[in-house]
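What follows is the residue order along each chain.
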Amino acid sequence: MSQLAVNLPGLQLKNPIMPASGCFGFGREYSQFYDLSTLGSIMIKATTVEPRFGNPTPRVAETTAGMLNAIGLQNPGLKKVINEELAWLDQFDVPIIANVAGSLEEDYIEVAREISKVSNVHALELNISCPNVKTGGIAFGTIPEVAKELTKKVKEVSSVPVYVKLSPNVSNIVEMAKAVEAGGADGLTMINTLIGMRLDLKTGKPVLANNTGGLSGPAIKPVAIRMIYEVSQHVNIPIIGMGGVQSAEDVIEFFYAGASAVAVGTANFVDPLVCPKIIEQLPVLLNELGFDHISECTGRSWKKNEKLAYHRA
Amino acid sequence: MIRNEECIVLSNQEIAHNIFELTLKGELVQQMNEPGQFVHLKVSDSVDPLLRRPISIAKIDQTNNMFTMIFRAEGTGTKLLGQKKVGDVVDVLGPLGNGFPVEEAKAGSTALLVGGGIGVPPLYELSLRLKEKGVNVIHVLGFATKDAVFYEEKFAELGETYIVTVDGTLGEKGFVTDVISAQNLSFETLYTCGPTPMLRALEAAYPEKNVYLSLEERMGCGIGACFACVCRTQEDPTGYTYKKVCTDGPVFKGGEVLI
């Protein structure tokens, strides 16, 4: 498995594959299908200070090669996530990336401070890009200066490295990435969902109760690849890539674009075993392509000297 | 236990207008322990449609590892499912969810089974099991119109059966609730599956009875991870308490969730 081992700030991963936040709950459901210790990491569902019920239903709508969701950050709140979910996850040999969300700056700070103290939380993912909540979330993710300030404040209180999850719903993704890097981010995760909408043929009205939702799935992969390609050439912090990943081939493409690890989202809903399947297929594919180690693939799309492999574990 | 298996199509036929009866063979039938559960089907090998389709189980045959579903070919996914040929393979995840509690109806008592449209199918396996247990079953089955009616005779073999159509082209004209009151049907347990307004009307009409309702909601994963099919509880209608239709349901006791 050493062919897949990756070292990132706070994260010594046995492989670079992890389920994306919001697509895996807190892991309980998927533990019926496989040993969660197989995973490189788990990005748990977004956690807010207080419990949230989320949006009214319908919360999902299928689209061509993708899906729209407007769950609305439903979660049991910081206390329960720490005492029940993270405690339960502790039985597995897998580092957790805790997704931190909120409405106000203080909310992010409180969740980050408390959740980063938990022993199996090895990194935070700052969720400044959720498109489905009325306040906070995406507001922090679309104005570079605001994102930078929030990153800085969260970094001050966090006991573990902080990755910032970028929204694709901006006009200049590189500017956003540089802003959070300047704010002290240890890494980036990208991309969150693209804001979309679907209308009902009979009623003419939006299918989602929230009207708009976040588009995910294979449909958004080219957008993710393009953004990672652009951002990875302008920052010096690692990127965990996501957006429509379904196969080992997709993972390699994300690495080529500039990612150092990859998260799998919507595909978990279609095939609960997709993550272990990808982990199993990766070494075979790497051998076929002639790579000794997966980190050799990072940034291949734009690197002049392909022999460089500076993320090597 | 939930299994993921490639099942083989044994038969697939249109039994009413746009209504298909699909029978699959697979080992996972051994895991199907109660009527009212569902399976999550991948209808295509491509990414379009992307998500699985939740379909209720209408009949379980554990001796032959066969199970039957009845669905309406309406959207892209179910239309593709309607085109499956004998021998084709269908990727099945299941069985999922909690079904109808057969044990809630005592032998010798009467159970009323009320179905609306594509909510009728799971009541068939339920009726078979209740009948086998010695429960007297009465069926009230509502459909939009005559062309959409299916399994009338199969239900009639098991017990008293009333067909209701909205346009009156077959059976009684109107809604299932009209027939239940007009016929003055008496029963101890009520099991129902169908459109939400129908479930709501039945729950409100029989607060003193033992009622079990099967809910329908758009689903993502079908296993409780995505939080797409969440509903509120009647005890805490505005708070944080919730139930997931896929894993806590789809069958709930009357009075449990807000519908």
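Residues numbered from 1 in each chain as written. Chains lettered and ligands numbered in written order. Predicted model: local features only at pLDDT ≥ 70, side-chain atom pairs only at ≥ 80, totals over all residues.

The name that an unreviewed UniProt entry assigns to chain A is Dihydroorotate dehydrogenase, with the source organism given as Robertmurraya beringensis. Here is the UniProt Function (unreviewed entry) comment for chain A, exactly as written: "Catalyzes the conversion of dihydroorotate to orotate with NAD(+) as electron acceptor." Regarding chain A, the relevant UniProt record gives this comment under Sequence similarities (unreviewed entry): "Belongs to the dihydroorotate dehydrogenase family. Type 1 subfamily." (UniProt positions renumbered as here; feature names shortened; annotations may be inferred.)

Colleague: Which parts of the structure should I look at to understand the UniProt feature "binding site: substrate" (unreviewed entry) in chain A?
Modeller: All names here are of chain A. As recorded in UniProt, the feature "binding site: substrate" (unreviewed entry) lies at K45, N69, A70, I71, G72, L73, N127, N192 and T193. For N69, a count of 30 C-beta atoms within 10 Å corresponds to the buried category. Mapped onto the elements, G72 comes out in the loop between β6 (66-69) and α1 (78-89). Under the C-beta neighbour-count criterion, G72 is labelled buried, with 23 such atoms within 10 Å. (Buried ≥ 20, exposed ≤ 12 C-beta atoms within 10 Å, placed from the backbone. Helix = DSSP H or I, 4+ residues; strand = E, 2+ residues; numbered from the N terminus.)

Colleague: Can you help me understand unusual backbone geometry in this one?
Modeller: It is generally the case that most residues other than glycine have a negative phi and that most peptide bonds are trans. B:G94 connects to B:P95 through a cis peptide bond whose omega is 0 degrees. Inspection of the secondary structure puts B:P95 in strand β7 (residues 89-96). With a phi close to 55 degrees, A:L73 is a non-glycine residue in the positive phi region. Mapped onto the elements, A:L73 comes out in the loop between β6 and α1. Taking the C-beta count within 10 Å as the criterion, A:L73 has 24 such neighbours and is therefore assigned buried. A positive phi is found at B:F227, a non-glycine position, where the angle reads about 65 degrees. Examined against the element boundaries, B:F227 turns out to sit in the loop between β13 (210-214) and β14 (230-232).

Colleague: Explain the packing of helix α6 (residues 221-232) of chain A against helix α7 (residues 248-257) of chain A to me, please; I cannot follow it from the model alone.
Modeller: Between two packed helices, the angle of one axis relative to the other and the distance separating the axes together describe the packing. Residues and elements named next belong to chain A. Look at α6 against α7: their axes get within 8 Å of each other, and the N-to-C directions meet at 30 degrees. Accordingly, the angle class assigned to the pair α6 and α7 is roughly parallel. When α6 is examined against α7, the residues K221, I225, I228, Y229 and S232 are found in contact with a partner set consisting of D250, E253, F254 and A257. When grouped by side-chain class, the residues that make up the contact of α6 with α7 number five nonpolar, one polar and three charged. (Axes fitted to C-alpha atoms, helices over the stretch in contact; angles between N-to-C directions. Parallel < 35°, antiparallel > 145°, perpendicular 65-115°, else oblique. Contact = placed C-beta atoms within 7 Å. Nonpolar A, V, L, I, M, F, W, Y, C, P; charged D, E, K, R; others polar.)

Colleague: Just to check I follow, could you spell out the interface of chain B and chain A for this structure?
Modeller: How big an interface is tends to be stated in terms of accessible area lost as the parts join. Facing 23 residues of chain B, the contacting portion of chain A comprises 28 residues. Grouping the constituent residues of the side of chain B that touches chain A by class yields 15 nonpolar, three polar and five charged.

Colleague: For this particular structure, what's the right way to read the packing of helix α5 (residues 173-182) of chain A against α6(A)?
Modeller: All names here are of chain A. Two numbers describe how α5 lies on α6: the axes approach to 9 Å, and their chain directions differ by 50 degrees. Considered as vectors, α5 and α6 are oriented oblique to each other. The interaxial crossing formed by α5 with α6 has right-handed handedness. Residue-level inspection shows I173, V174 and A177 of α5 in contact with α6, the latter providing M227, E230 and V231. For the contact of α5 with α6, a count of residues per class yields five nonpolar, no polar and one charged. (Left-handed = near helix turned anticlockwise from the far one by under 90°.)

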